[in-house]
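Summary of the model geometry
The chain contents come next:
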There are 2 protein chains.
Amino acid sequence: MLGVIGGMGPAATADFFAKLIEETPAAGDQEHIPTLIVSDPRLPSRTAAILDGGPSPLPSLLAIRDKLLAAGATLLAMPCNTAHYWYEELARGCPAPFISIVEASCDAVRRIAPPGSSVGLIGTRATLAAGIFEQRLRAAGYAALLPSEEQLAGRILPSIRLVKEGRPARAGETLAPAVRALLDRGAAAIILACTETPVALDAVASSLRERCVDSNRALAQSCVARWRAR
Amino acid sequence: MLGVIGGMGPAATADFFAKLIEETPAAGDQEHIPTLIVSDPRLPSRTAAILDGGPSPLPSLLAIRDKLLAAGATLLAMPCNTAHYWYEELARGCPAPFISIVEASCDAVRRIAPPGSSVGLIGTRATLAAGIFEQRLRAAGYAALLPSEEQLAGRILPSIRLVKEGRPARAGETLAPAVRALLDRGAAAIILACTETPVALDAVASSLRERCVDSNRALAQSCVARWRAR
């Protein structure tokens, strides 16, 4: 079974689960991937741990990982960009393959932008501050482009809030200029490393979407490919 | 934790999970309900078991129930109308409360139609043939109205297929006359006892929707109420 460490937040987990089903080429229900999801929103805040030195969620994440393994998971995924700050500790010594959302997103970038080009990042302050994507992008031959503080505080974070408040079209209008600014600065592709942002751009049917990788969908695609190849 | 017996099919489970999150009055991620989902599409077909005497999924459903209980579930739900054919066997002797989608739907009907009135049923052939809703509706003081064979074969089942094929607007146009026919025959409310049918009516923004209960959303509402009252 595919084991999913979720709940950070629950909407991102539900979004991943829906995309996993969409991305599975199944003629009938029975061809879908058996999936075990622990969605536990009681975990210590990832943002507070990264930005303010709050309590680490790592012990809880390890406990969920082990619970999934004990219940029969043979492949693992964690549909939360920020939580990948602790990915190395979670994957180390893990007896089942653990698909990284960062690795999956880099694979998706390769399909739309050649190595040597720049890749823009859209995400929460914690995801960007933690440098979760930069190192892996560099290793894959890409340069990472971060949004300006003005775009982050004035456009990206407000657009995420608007999606959470159920106003996706307004969120899309707010976000689009921040994506355009990264493309204007030379990005050949953009990673939407936050579940709310693809929802925002889709709501305004933005043509910018073609240059963007939805990290949660990339993770779903990698899980399906890995499951089918097992 | 809320334990979810799912995978029948997986899209219905994902639909329930998204509605559970929507229906939870949470100011932040951490107020959401800790949830454990087993989505196992390898179960014997419920339809084949009910209509053609195929192998029963009950042993597998009991095994999933017990796996959820062992992993810490203190409340159970199963977002599949057809699988409620085995509800009594699953709830009997279960050490945690098991919320029924049938009971939850009857509660939602009470909010829009007075006892003594008729309630129309929209669902798959197996759900309707098994009489899963009739008995409970009768006990709650309602008369059940089933669609004609012509409406079932010519409109309801094709609309379900259209949603599965990703054509919700066409599905809505196909389904609407079947809902209207039940209302014309005197139904004061309709239970949409099949995950695809609310998607179809929503896609055409049908005004018929006001008279309809989405059984999966009703189950989510009952789970939230029960969780908060614990």
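Our subject is the structure listed above.
Here we summarise the structure given alongside this text. Since we're looking at a predicted model, the values are computed, not measured.

1. A closer look at the interface of chain B and chain A
Taken together, the contacts link 30 residues of chain B with 30 residues of chain A. Buried area between chain B and chain A, summed over both chains or domains, comes out near 2,300 Å², and the portion from carbon and sulfur atoms is 62%. On the surface where chain B and chain A come into contact, there are zero salt bridges. The interface formed by chain B and chain A holds seven residue pairs in polar contact (both at pLDDT 80 or more) in total. It is helix H1 (residues 10-23) of chain B that provides the largest number of residues to the side of chain B that touches chain A, a total of seven residues. Classifying every residue of the side of chain B that touches chain A gives 17 nonpolar, seven polar and six charged.

2. Quick word on the side chain of Glu-134 of chain B
All names here are of chain B. Within the secondary structure, Glu-134 sits in helix H7 (residues 134-139). Among buried Asp, Glu, Lys and Arg side chains, Glu-134 stands out as unpaired, with Arg-138 the closest opposite charge at 6.7 Å. The residues touching Glu-134, leaving out its near neighbours within four places in the chain, are Leu-121, Leu-128, Ala-144 and Leu-146.

3. Focus: unusual backbone geometry
With an omega of -10 degrees, the peptide bond running from Met-8 of chain A to Gly-9 of chain A counts as cis. As for its position among the elements, Gly-9 of chain A is in the loop between strand S1 (2-6) and helix H1 (10-23). One non-glycine residue, Ala-205 of chain B, lies in positive phi territory at about 45 degrees. Along the polypeptide, Ala-205 of chain B turns up in the loop between helix H10 (196-203) and strand S8 (212-214).

4. Let's talk about the pairing of strand S2 (residues 35-39) of chain A
Along S2 of chain A, five of the five residues are buried, which leaves the element largely enclosed by surrounding structure. Where burial is concerned, the two faces of S2 of chain A agree: the one with Thr-35, Ile-37 and Ser-39 of chain A and the one with Leu-36 and Val-38 of chain A are both buried. Of the pairings in the sheet, the one linking S1 of chain A to S2 of chain A comprises five bridges and is parallel in character. Across the sheet, Gly-3 of chain A pairs through a bridge with Leu-36 of chain A, a residue of S2 of chain A. Read as a crossover between parallel neighbours, the route from S1 of chain A over H1 of chain A to S2 of chain A is right-handed. Where S2 of chain A meets strand S2 (residues 35-39) of chain B, five bridges bridge the pair, whose relative direction is antiparallel. Residue pairing across strands places Leu-36 of chain A opposite Val-38 of chain B, the latter belonging to S2 of chain B.

5. Regarding the sheet that holds strand S5 (residues 118-122) of chain B
Residue and element names in this part refer to chain B. Read across the sheet, four strands follow the order S6-S5-S7-S8 without closing on themselves; strand pairing throughout is parallel. The sheet is open, and its two borders are formed by strand S6 (143-145) and S8, each paired with just one other strand. Here the average twist between neighbouring strands, direction ignored, is 30 degrees. Of the strand pairs in this sheet, strand S7 (residues 187-192) and S8 are connected by three bridges, and their pairing is parallel. Paired with Ile-191 across the strands is Val-213, a residue of S8. Relative to S8, helix H11 (residues 215-228) is tilted by about 65 degrees, and along the sheet it contacts S7 and S8.

6. A look at the sheet that holds strand S6 (residues 143-145) of chain A
Residues and elements named next belong to chain A. The parallel open sheet is built from four strands, whose spatial order is S6-S5-S7-S8. Both outer strands of the open sheet, S6 and strand S8 (212-214), are each paired with one neighbouring strand and no more. Ignoring strand direction, the axes of neighbouring strands in this sheet form an average angle of 30 degrees. Taken together, the three bridges between strand S5 (residues 118-122) and S6 define a ladder with parallel strand orientation. Bridged to Ser-118 within S6 is Ala-143. Contacting S5, S6, strand S7 (187-192) and S8, helix H9 (residues 168-184) crosses the sheet at an angle of about 160 degrees to S5. Lying on the sheet, helix H11 (residues 215-228) is in contact with S7 and S8; it crosses S8 at an angle near 65 degrees.

7. So, H10 of chain B
Residue and element names in this part refer to chain B. Those residues of H10 lying buried are Glu-196, Thr-197, Pro-198, Ala-200 and Leu-201. Those residues of H10 that are buried lie in contact with S5, helix H8 (149-164), helix H9 (168-184), S7 and S8. Ala-205 sits one or two residues past H10 and shows a positive phi near 45 degrees.

8. Quick word on the environment of Ala-153 of chain A
Mapped onto the elements of the fold, Ala-153 of chain A is located in helix H8 (residues 149-164). Once the C-alpha coordinates of Ala-153 of chain A and Leu-182 of chain A are considered, the two residues, 29 residues apart in sequence, prove to be 15 Å apart.

9. Side note on the layout of surface pockets
In this model, the largest pocket occupies a volume close to 1,600 Å³. Pro-10, Ala-11, Ala-12, Thr-195 and Glu-196 of chain B are the residues nearest the centre of the largest pocket, which is lined by 49 residues in total. Only H1 of chain A together with H1, helix H2 (46-52), helix H6 (125-129), H8 and H10 of chain B provide two or more residues apiece to the lining of the largest pocket. The element that contributes the greatest number of residues to the lining of the largest pocket is H1 of chain B, accounting for nine residues. Classifying every residue of the lining of the largest pocket gives 23 nonpolar, 13 polar and 13 charged. The calculated volume of the second largest pocket comes to roughly 1,000 Å³. Around the second largest pocket, the lining is made up of 36 residues, and of these Gly-9, Ala-11, Lys-164 and Glu-196 of chain A together with Asp-29 of chain B lie nearest the centre. Taken together, the residues that form the lining of the second largest pocket break down as 17 nonpolar, twelve polar and seven charged.

Each value, and the rule that gives it
- Residues numbered from 1 in each chain as written.
- Chains lettered and ligands numbered in written order.
- Predicted model: local features only at pLDDT ≥ 70, side-chain atom pairs only at ≥ 80, totals over all residues.
- Heavy atoms only, no water.
- Contact = heavy atoms within 4.5 Å.
- Buried area = accessible area lost by both parts, 1.4 Å probe.
- Salt bridge = Lys/Arg side-chain N within 4 Å of Asp/Glu carboxyl O.
- Polar contact = N/O pair within 3.5 Å; in protein donor to acceptor, adjacent residues only side chain to side chain.
- Helix = DSSP H or I, 4+ residues; strand = E, 2+ residues; numbered from the N terminus.
- Nonpolar A, V, L, I, M, F, W, Y, C, P; charged D, E, K, R; others polar.
- Buried < 20%, exposed > 50% of the residue type's maximum accessible area, 1.4 Å probe, protein only.
- Lys, Arg positive; Asp, Glu negative; His and termini not counted.
- Pairing = 2+ DSSP bridges.
- Right-handed = clockwise from strand over helix to strand, strands pointing away.
- Axes fitted to C-alpha atoms, helices over the stretch in contact; angles between N-to-C directions.
- 1 Å grid on protein atoms, 1.4 Å probe; cavity = no way out; pocket = protein on both sides within 12 Å on 5 of 7 lines; lining within 4 Å.
- Points joined across faces, edges and corners; volume = space filled by probe spheres on them.

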